[in-house]
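# Residue-level structural notes
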Amino acid sequence: MELLQGLNEKQKEAVLQTEGPVMAIAGAGSGKTSVLTKRIAYLIFEKNVHPGNILAITFTNKAANEMKERVRHALGINTYDMWISTFHSMGARILRDHIERLGYKRNFQIIDDDDTQQLVKSLMKKRNIDTKLFSPKIVRNLVLKMKFDEDFIHSVEAPYNEIVARIYKAYQAYLFDSNLLDFEDLLLLTIRLLQQEEDVRAYYNDKFRYVLVDEFQDTNNVQYELIKLLVNDDHNIFIVGDEDQSIYAFRGANIENIRKFKKDYPEHYLVLLEQNYRSTNTILDAANHIIINNTARIPKKLFSTKGKGEPITHYKGVTARDEVEYVAQTVQNMVHRGYEYNDFAILYRANSTSRMFEDVFLQKQIPYRIFGNTSFFKRKEIKDFTAYLRFILNNDDAFSFLRVIAVPRRGIGAVSIEKITTYAAEKGLAFSDALRLCHEYLGTSVANKLDAFMAIIRDFRTQLDELPFDDFVDYVLEKSGYIDMLKTDDKGDVRYENLMEFKTILAENNEIYGDLTKEEMLTFILEDIALKSEESKEDVENGVTLLTLHSAKGLEFRVVFIVALEMGMFPLARTFGDRFEFEEERRLMYVGVTRAKEKLFLTNADMRQTYGETVRNPDSKFLEEIPQELMTKEGYSVAIRRSTNVNDVYRKPELKRQILKKRQSLLDSDNVNDIKKGDKITHDKFGDGIVVSVAGEHCIIAFSVEHGVKKLLKDHPAIKKRK
DNA sequence: AGGTCTTTCCTTTTT
DNA sequence: GGAAAGACCT
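Everything quoted here is computed from the prediction, not taken from an experiment.

### Some points on the protein's contact with DNA strand C
Neighbouring residues of DNA strand C: Lys121, Lys125, Arg355, Tyr611 and Gly612. The share of sugar and phosphate among atoms of DNA strand C within 4 Å of the protein is 36%. Contact between DNA strand C and tyrosine 611: a base oxygen at 2.9 Å from a main-chain N or O atom of the residue. A class-by-class count of the residues in the surface near DNA strand C yields one nonpolar, one polar and three charged.

Here is the structure:
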């Protein structure tokens, strides 16, 4: 059969065993994605299964998109009827149709993690809980756990237990009243719906005859529960996973689910995919030697028919800058030798590491793509504008109101808003009604301002139906005063451009959802934005890929650089004391190494700036775990390491003190602006100016007319003396 | 209330 | 070193 061409025996089994539960344990690079897509093709072409009867669940949007792409293009199947999505978008899609059964309104909006964090904080403040003494971050995490299991609160210790219990209640009520769902709700409410409403469950059980779950090792208990509710009595469930690649325990992923699956579906068919089609044996050897250090795992050894390949290169830079320059230089050299920019990936543990690479790549004109990081949709202006859209659609959305009322400022501040919410609470009114009826509570001037604002919002609601999206966006930006506000913002130009970019995105969606009402359309678009956090904006055709180790999962590249391999950077310092967490770091390393097809570079630096301070981290433990004969060493590691022992700095306090002292004196001399009255200086932000007077640490400087006269710290780094 | 300067916290990782 | 929150001044 043509479809099965190029598959090995094990892979064929995984495709052909269509009925009943199947568990495929698939090592890195074992052709898992192609098994998944071919299985879908086989179901449709050979078993005549309707695409609408297939549900494929992935973990990230990137994986979902890639699977869609492959099913659509490589196999020529129309994915329109097929559900290929993440757990969360699947939940949203089901809830959009049935959530009224749970008392919510169907035009609910999704609130992202940043916003829940803020919400918890403001709820704490409103209840006079000191957010300095009690971290809102901890409270929020505990509240989220309580969402999964209310009994969880009994294991929380005083005094947090009482606070968390209160905030949990308030938080849930707030979301419900505002018709908002957080990420957890997307799963939990779907479960509640399926448990509570038998006919709904029957509908989906009948619809989803074949369920496929990718990256099963990353499912948490709630997601597993959801899978079980969706799988019907035929038990046609296919899961693919690899416990060595479980990297989401921090988010509740539970490797135990693999064992639970075995128990819940005792009749399951097991397939082991161990042959690797991706990497050279040198790379696999290194990966095997790293992962073997983890205690809790089923032994598994990847093998490959590819040759030995090139050795791994470890480069140690003198500074982090040096490390980055080396990476850039190496990329360029290899491109001259015939590689494409597309062939390279730079992998790092934390998003913040990407900054310096961006700097250097820009400078050297190396094209690159960057995944994740500050997503387009998390920018202030975009969040502001989406808050407008949300509030226009739903006047009960108090959270969006708070944002919108303050940009631009409208003379309605914290005090007045507090009055409105108190009023709503006392009278038991919906937020939208409170906004209409609260006049007596407010001063006349504030009441008038609020009226004027609500009139604008009502007008926006009318215009939404009247105007094409393009014009609607311009209309809102103009009439809300947002455009005027940007004129005084020093980042106004960039912000404006981003908003125009956002307009384009809306217009594109307009075409996709052409047959819906404007309101429905906008609701879908906002949902999309909330769930698909990242959209690689700069669409470089051929560029180096910069991404975190987490988002690298499932991808492969000819050449991979894993950077900043230092104790504290990777593995992260906070994981040192916890074996469980440390082993997750190691799995992350394993994922990183196995992304490489031909050549692997491991880099780090002797010195780097962290939090604005120079630190010297020892080499990452993971470097030692790779057999040294697989590696060649370059850079600092060869030249200098023998003469200075980095660890001395940590062992000898007096040495450390000396270094600190020297560093301090360097800092001091760097920052001292020996300026006197009458000196001409230049300021990073205010431009050129003349020193009017100096007194102690401060000085008074006259800048150009638009900035005027300012009192500033004399030694502020933004001030430089002009020659 | 709003703007500016100063201090604080920070880095996991994703939906 | 940089963003966000807070303190302080107008």
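### What about the packing of aromatic side chains?
For the structure on display, the rule yields 25 aromatic pairs. Look at phenylalanine 460 and tyrosine 475: their rings are 6.0 Å apart centre to centre, the planes differ by 80 degrees, and that puts the pair in the edge-to-face class. Highlighted residues: phenylalanine 460 in helix α19 (residues 444-466) and tyrosine 475 in helix α20 (residues 469-479), separated in sequence by 15 residues. Residue phenylalanine 460 is classed as buried on the basis of its relative accessible area, which comes to 0%. Among the aromatic side chains, those forming a connected cluster through ring pairs are Tyr315, Tyr326, Tyr339, Phe344, Phe561 and Phe601. Its guanidinium or amino end placed over the ring of tryptophan 83, arginine 93 lies 3.9 Å from that ring's centre, counting from NZ or CZ. One residue, lysine 599, lies across the ring of phenylalanine 601, its end atom 4.9 Å from the ring centre.

### Thoughts on the pattern of salt bridges
As a working rule, side chains carrying opposite charge can pair if their charged atoms are close by. One pass over the structure, following the stated rule, counts 42 salt bridges. Among the ionic pairs, arginine 558 bridges to glutamate 598, the shortest N-O distance being 2.8 Å. Placement of the pair is arginine 558 in strand β15 (residues 557-562) and glutamate 598 in strand β16 (residues 596-610), with a sequence separation of 40 residues. Overall, arginine 558 belongs to the partly exposed group, its relative accessible area being 28%. Connected through shared salt-bridge partners, Lys32, Asp214, Glu215, Asp218 and Lys553 make up one network.

### So, unusual backbone geometry
A cis amide bond links phenylalanine 570 with the next residue in sequence, proline 571, at an omega value of 5 degrees. The residue proline 571 is located in the loop between β15 and α25 (579-593) in this model. Positive phi values are uncommon outside glycine, yet histidine 235 reaches one of about 55 degrees. Mapping histidine 235 onto the fold places it in the loop between α10 (221-230) and β7 (237-241). At alanine 564, a residue that is not glycine, the phi angle is positive and equals roughly 55 degrees.

What counts, and at which threshold
Residues numbered from 1 in each chain as written. Chains lettered and ligands numbered in written order. Predicted model: local features only at pLDDT ≥ 70, side-chain atom pairs only at ≥ 80, totals over all residues. Heavy atoms only, no water. Near = heavy atom within 4 Å. Polar contact = N/O pair within 3.5 Å; in protein donor to acceptor, adjacent residues only side chain to side chain. Nonpolar A, V, L, I, M, F, W, Y, C, P; charged D, E, K, R; others polar. Phe/Tyr/Trp six-rings, centres within 6.5 Å; stacked < 30°, edge-to-face > 60°. Helix = DSSP H or I, 4+ residues; strand = E, 2+ residues; numbered from the N terminus. Buried < 20%, exposed > 50% of the residue type's maximum accessible area, 1.4 Å probe, protein only. Lys NZ or Arg CZ within 6 Å of the ring centre and 35° of its normal. Salt bridge = Lys/Arg side-chain N within 4 Å of Asp/Glu carboxyl O.

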